[in-house]
Structures are given as structure tokens and as C-alpha cells.
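Chain by chain, the residues:
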Amino acid sequence: MISTARRTLGLGWPGYLIGCALVALAYFVLADTAGTEALRIVLYCGISASAVPALLLGMRRYRPRWRLPWLLIAASQTVYFLADASFYTAHYLLGITAFPFVADVLYLAHYPLIVTGVLLLIRARTPRRDLPSLIDATVLGVVAALLSWLYLIQPLTSADESVLTTSAYVAYPVLDLALLAVGLRLLLDPGPRPPAFFLLVANLLAFLAADSAYVFQRIDGSYAAGNFLDVLWLAGNIALGAAGLHPTMAALAQAGPGKELNLSPLRVALLAAASLIAPGVLVLENSRVSAGSVNAIAVACAVLFLLTLGRLVVMVSEQRRLAVTDPLTGLHTRRYFEAELPKALTRATRTRTRIAVFIADIDHFKAINDRYGHPVGDRVLLEVSARLRAVVRDGDVLARYGGEEFALLVTDVVPEDVPVIAERLRNAIAQEPVARAERASIAVTTSVGAALADGYRDDPVRIVAAADRALYAAKAEGRDRISVGDRRAAASEHTASLGYLHAVSDLVDRHLSSHSHGRAVGSYARIVCEAMGAPAAIVQDTELAGRLHDVGKIVIPASVLGKPAALDDAEWGLLREHPDHGYRLVRAVPDLDGIAEIVRQHHERWDGKGYPLGLRGEEIRLEARIVSVCDAWATMLSDRPYRRTLTVDEAVQELRDGSGSQFDPGVVDAFLRLHDAGEIHRLPPLPVAD
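Residues numbered from 1 in each chain as written. Predicted model: local features only at pLDDT ≥ 70, side-chain atom pairs only at ≥ 80, totals over all residues. Heavy atoms only, no water.

**Let's talk about the overall build of the protein chain**
Helices and strands together make up the secondary structure of the protein chain, namely 26 helices and eight strands. Here the protein chain holds 690 residues, and 46% of them are scored as buried. Roughly 32,700 Å² of accessible area belongs to the protein chain as shown, and the carbon and sulfur atoms make up 61% of that amount. (Helix = DSSP H or I, 4+ residues; strand = E, 2+ residues; numbered from the N terminus. Buried < 20%, exposed > 50% of the residue type's maximum accessible area, 1.4 Å probe, protein only. Areas by Shrake-Rupley, 256 points an atom, 1.4 Å probe, with all protein chains shown as cover.)

**With respect to the pattern of salt bridges**
Tallying each qualifying case throughout the model produces 23 salt bridges. Close ionic contact of Lys 366 with Asp 370 constitutes a salt bridge, the shortest N to O distance being 3.0 Å. With Lys 366 and Asp 370 both in helix H13 (residues 365–372) and four residues apart, this pair spans about one turn of that helix. Assessed through its relative accessible area of 55%, Asp 370 is described here as exposed. (Salt bridge = Lys/Arg side-chain N within 4 Å of Asp/Glu carboxyl O.)

**Regarding a positive patch on the surface**
A cluster of basic residues, Arg 60, Arg 61, Arg 63 and Arg 67, forms a positive patch at the surface. By secondary structure assignment, the location of Arg 60 is in helix H3 (residues 37–62). Look at Arg 60 and you get exposed, because its relative accessible area is 64%. (Patch = residues over 30% accessible without salt bridge, like charges linked within 9 Å, V, L, I, M, F, W, Y side chains within 5 Å. Lys, Arg positive; Asp, Glu negative; His and termini not counted. Charge placed at Lys NZ, Arg CZ, Asp CG, Glu CD.)

**Here's the deal with the nonpolar core**
In terms of nonpolar packing, the biggest core is built from 65 residues, with Tyr 88 and Trp 233 touching the most fellow members. Sort the elements by how many residues they give to this core and helix H8 (residues 195–220) lands first, with 12 residues. Those residues in contact with Trp 233, other than ones at most four positions away along the chain, are Tyr 44, Tyr 80, Tyr 88, Phe 207, Ala 210, Asp 211, Tyr 214 and Tyr 223. Core analysis: the second largest hydrophobic core is formed by 49 residues, Val 589, Val 629, Leu 674 and Ile 680 among them. (Core = buried A, V, L, I, M, F, W, Y, C linked by side-chain atoms within 4.5 Å. Contact = heavy atoms within 4.5 Å.)

**Digging into the packing of helix H18 (residues 517–531) against helix H19 (residues 536–548)**
In the contact formed by H18 and H19, the axes pass within 7 Å of each other and the chain directions differ by 155°. When the axes of H18 and H19 are compared, the pair comes out roughly antiparallel. Once H18 is placed against H19, the crossing between them reads as right-handed. Of the residues in H19, those touching H18 at Gly 518, Arg 519, Val 521, Gly 522, Ala 525, Arg 526, Cys 529 and Glu 530 are Ile 538, Val 539, Thr 542, Glu 543, Gly 546 and Arg 547. (Axes fitted to C-alpha atoms, helices over the stretch in contact; angles between N-to-C directions. Parallel < 35°, antiparallel > 145°, perpendicular 65-115°, else oblique. Left-handed = near helix turned anticlockwise from the far one by under 90°.)

**Some points on the confidence of the model for the protein chain**
With 78% of its residues at a pLDDT of 70 or more, the protein chain shows a mean pLDDT of 81. Below a pLDDT of 50 lies the segment residues 1–11, which in the model reaches seven contacts outside its immediate sequence neighbourhood of four places, other chains included. Considering only residues more than four positions removed or in separate chains, one finds that residues 257–261, a stretch of pLDDT under 50, has seven contacts. (pLDDT = per-residue confidence, 0-100.)

**Here we look at the sheet that holds strand E8 (residues 482–484)**
Read from one edge of the open sheet, six strands run E1-E3-E4-E2-E7-E8, paired in mixed fashion. For this open sheet the edge positions go to strand E1 (332–333) and E8, each flanked by a neighbour on one side alone. Those strands touched by helix H16 (residues 460–476) are strand E2 (355–362), strand E4 (405–411), strand E7 (446–453) and E8, and its axis lies near 145° from that of E7. (Pairing = 2+ DSSP bridges.)

**Section: helix H12 (residues 334–351)**
A rise of 1.5 Å per residue sets the reference length of H12, with its 18 residues, at 26 Å; its end C-alpha atoms lie 25 Å apart and thus fit the reference within 8%. Residues of H12 that are buried: Arg 334, Phe 337, Glu 340, Leu 341, Ala 344, Leu 345 and Ala 348. (Expected span 1.5 Å × (residues − 1).)

**Structural notes on a nonpolar patch on the surface**
Together, Ile 18, Leu 22, Leu 25 and Val 29 make up an exposed nonpolar region whose accessible area comes to about 420 Å². Of note, Leu 22 is situated in helix H2 (residues 12–29).

**Some thoughts on the packing of aromatic side chains**
Each aromatic ring pair is summarised here by two numbers: the centre-to-centre distance and the angle between the ring planes. All chains considered together, the criterion is met by 14 aromatic pairs. On the numbers, 5.0 Å between centres and 80° between planes, the contact of Phe 87 with Tyr 88 is edge-to-face. Residue classification places Tyr 88 among the buried positions, given a relative accessible area of 1%. Ring centres of Trp 572 and Tyr 611 lie 6.1 Å apart, and the angle between their planes is 80°; on these two criteria the pair is classed as edge-to-face. In this pair, Trp 572 is assigned in helix H21 (residues 569–575) and Tyr 611 in the loop between helix H23 (593–601) and helix H24 (622–636), connecting sequence segments 39 residues apart. On the accessibility criterion, Tyr 611 (10% relative accessible area) is buried. (Phe/Tyr/Trp six-rings, centres within 6.5 Å; stacked < 30°, edge-to-face > 60°.)

**Details of unusual backbone geometry**
In this chain, Tyr 611 is followed by Pro 612 through a cis amide linkage whose omega measures 5°. Turning to its location among the elements, Pro 612 is positioned in the loop between H23 and H24. Backbone geometry at Asp 480 places phi at a positive 55°, although glycine is not the residue there. Mapping Asp 480 onto the fold places it in the loop between H16 and E8.

**Observations concerning the pairing of E2**
Within E2, eight of the eight residues are buried, which leaves the element mostly enclosed by the surrounding structure. Neither face of E2 is exposed, since Ile 355, Val 357, Ile 359 and Asp 361 on one face and Ala 356, Phe 358, Ala 360 and Ile 362 on the opposite face are all buried. Pairing analysis gives seven bridges linking E2 to E4, with the strands arranged antiparallel. Across the sheet, the residue bridging to Ile 359 is Ala 407, located in E4. Relative to E7, E2 runs antiparallel, the two sharing eight bridges. Its bridge partner being in E7, Phe 358 is matched across the sheet by Ala 450.

Next comes the structure, spelled out in C-alpha cells:
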């Protein structure tokens, strides 16, 4: 429930807009009234100054995680207010209209501050490199630079003015180009677009438009204080203050979804228009001098630009298709399936319908590969995918979910349909053998797990976990059968499954060392998490995730786990899969979806170079960042077949060296403080096997 204080604060920004608009109206109404110059200066500069406390108040109340960008923007506005005060005082009260003036120094000084602030906002919104947006912004920036050079900078440099005056004239369009570049980059990034975003963009656009017109008027001598440009400057100041007061200002610096291959029709049209400006200007400039071959060259350039852009659109569309299509079977990928499932749940909630998830796994597929070879295995996968596609409705999502697993998302179903659909999938595979040669075939069967969601209480992780549990149940009952699961499971099943995972974790430790690695990591993780002030529930989850973090290694061949030499690329590829295997195993236990996600993320790195998801920084769950440090410490001090045991001092140095790259610096600091205080105990020996 939203608090009364927060509701009251949320009304502050429209009140600010209305109040400033009334003050601005009074400023313009008094324009023709003699003797009101001092009052007009107060009104104008009051609006300019008001944006600073508005920004600071918003920072104090909404507590954005990234404060430095807003502090720099507030500092920029402070300098801008001082520039306004000196400029309008000189014009209205002292009659000084010289250019450049001290106000121009202040106006120019505000640019580096706001450009740096916006750049830091962009950095927070796009923690991963977004090269396409950077290139698109550069294209638009180059076009703006061309126009600015032709119609602003070049005429200014050729004018008969002093060096100081010319430098001041040129500085405005040059710095405006810098502001335009970061503004375009902000507009094109994939970050969230709350109302505060549009208010900040309105500030940038208003200042850019007014500054450009100001330079034009200075060139032709038509500028006079108080003309229509004041409308744009005042609107920009008001928009900035409203952005600071808006409740969404903290969300402005949140990381975006990182959409890939984003080339919308609007962006294509914008880039196409930008590409045509250069040849268009060439034709315009040429028409002033002569006609002829230059026009033909310009037309050819325009055609080439459009053809190149069209080629890029086709290429991106094809890459987008390939990104969501399994190259062997032609089905959708797991990534596509996992992206579509939340959308389907949302639609089910809106339409009050139900969806179902089915996971089909080919029985004994490893034996098929081992006996007949991978080419035959691929043929089996192709045939199974074709048979499944034949019995699936057009609107449903069929994907290759894993090596020999297939997932199906069916919408608008009733409970009675679920076992019928599952049986249809199973029967489509088992009805006849798969041909492997001219007169030879293989009997192929599948086990199918299914789960029904109603769209009201389910989330994607829980529904897939329920289907997974049903699949395991079908396999445990003898394979070649179906099982319909429930999102909930009995407490006894939960306890038994968790006990099994503990046993598996200990078995993995026996393969690797004489120490109880999982137990140690869980204990360390609990100590660190408590020291960092996390709630009790988070501490408990972190300890359990640390205890089970290596459980996925149970599927890695013992020859790889125990190899005393360096792993080759294929072996390293197998080992890197263990967080995903652990995720699947842990998620199969009811109510351990969050623990499973921590297990999957414990090999992610602070700098984004980890695996399996390539997350970076605070995209990684805090619990996983804690487990990562504790896992590294326990590994360095244990006896592993592939390297010597490090000393405590060497392990401490390794953590320090990895702080900020491999590890979260805050977690490393907390861990080392606890170590110095004697809170981090020695590695326990493995328990005696039953």
C-alpha cells in the first residue's frame, strides 16, 4: 500500500509545473510594462534557480541508486542560473549588450557538467555495451555536425570578428553538438522511459533549440533579450525541475532490458532520413554554383545509402530469426520460449484463461548417441521435432529446450485438455520407429511432464519447475509415459528431495577433495550475509545456495572433474554447464526456485565475463555474489587434483586482486573483515559416507 507521504510527494511535480508556468506567464505579461525590469529578472532567474532545489529534493526523497549523475546535473543548473542572473541583469538594468560577456563564460561552463551527468546516466542505464545504439547516435550526430559546420561554424569563422568573439561564437555550436550527441545516445539506449526520462529529454531539446537559434540571431544581429527564445529556455528549466521532483526519477538510472538487434521502423526511417541529408545538402550547395555531374553523384550517393540501409535491415531481420531458431531442428530456442512464457501468463491473466507447459524428453537418448553415433542422434532429433510440430497448433510455442528436451507452451486450455495433449505428444513419437538407415530403424520413446497455470498466481519459474518435476516423475515410473504435475507438492516430497540434493552435494565433494566444500561455502555465505545486514530469509537462502552450489557437477564426467592437468576446450565447455545443471536439479524441488537461480548465477563475474548468463555488477543477485567469493576462498584452500593448495595469505591476495573484476568489491571487503576478525573457520573434513 502506498504511503500517504509518498502520495503527497507524487503531487509535487505537477504543482511545480503549474507554479513555474504561472511565474513564466507573469514574466511575459510584464514585458511591455515600464519599470518592471528588476521584477522580471527575479521571475526569470527564480525559475532557473528553482530547478536546483527541485533536483536535490528529488534525490533526497526518492534516493536514486546513482546519485552522481543528478549531482552533476544540479551543479550544471547552478552554473546556468548564475549565467542567467548576470546576463539579464546586464541587459535589463545595466544596458550592457556586449558579446562575449562574463555570462557567456558561465553559460559555456555548464555544458561539461551536464554532458558528464547525462553520460553517467547512460552508463547506468546500459551496463552492457550497446554498440548499435552508439552507432545510430553517431550517424545522427555526424549529420548534425555537418549542418552545424556549414551554416553556423564556418560562417562564424569567416566573419570579420576578433579572435575572442569568434571563439565564443564557435564554442556554442560545438558544445551544443556535444550535448546533442549525449542526448541522442540517451534517446536511443534500451533503458526504461518513465515520465522523468521525457522531462529530462525535453530539457535537453529545449536548450539545444534555443541555443542554436541564439547563435543565428547573434550572427545576423537580430538578438534582443526577452524574445521568443526565453520561452524555450524557461520551458527547459521547468522540465528539468519537474524531472527531479517526479517519483520516477530514481528509475531513470535503472539498467535497460538490453534488447538485441533493435531496429524498429521508426529508427530505420530516422536513419534513412539522416543518410539523405548529406547528398541533399550537396545538391543544395551545388545549385548555388553550377549544375551537372555533382547532382548525379549526390543522387547516386542517396541511392547507395538507401540500398545499404535496406541490406542492413534484411541482415538484422535474418539475425533476429536465427537468434530464436534452433539451427538443427528449426524449432524455437529455449531463450525464445522463456521470453514468451511471461507474456503468455500476462495475457492469460488479462483474458482469464489458462496456459499449460509440457516438457518432453527423449528416453535413453545418450544410449542412442553412444551406440549409433551423433549423426544418427541428430536424425532422431530432426524426426522427433517434425513429429511434434505436426501435432501442435499453429499459435502454440514449440521449442528445443535442451539437448534432447522439447518444451511446448499451449494457451487457452482447460484442465481436462492437459493429459490429452501430453498423451498426443508422447504417442506422436512412439507410434512408429525412426529410420536410421535404408532398412534399419530405432524405437524412440519420450517421457512427457506437464503443468497447468491459471495466470493469476503463477510465475514462469514455478510453472516450468512443476512441469520439470512431472517429467522426472514420468521417468521414475518407467519412461514412455506422461505425468501431469502440480505447482505445489507435499512437504514430505520437499524434505526428501532436499535431502537427496544434500547427498549429491557431498558426493560431488568426494570426487574433488577431502574437505566438505559445499558445507563450508554455505557456512561462509551465511556469516558474510549476516554481516552485510541482510534479512533472515535472505541469509537462509544464501546458506542453502552455498551448500548446493556445486550440485550440478554430478552430471560432469569424473574424468573431467578429477583431471590433474589443464582441461581442453571441450572439457572446459562441459564444466561450464554445471551451473545450469544445478539450476535444473534444485528448481525441481518445490519452493526452491530462488535458490536455483542463485546456484545458476554463482559463476557470474562482477565485470560481466562470467557464465552462463554473462551478467555483470548488480544484475547478479547479491546471494550469488556472496557465494562466488566464498566458493573461491574454499576452493583456493582445498586440495584439488588440478592445482596446489594456496596459503591463506595467497588466497587473501587473490580475493583482493579479483575485487572489482571477478568479485563484488563490497562482498570481498566484508569477507576479508570477517577473516581478519577470525570469523572464517577452517575447511571441515567430509562426513563419513553412509
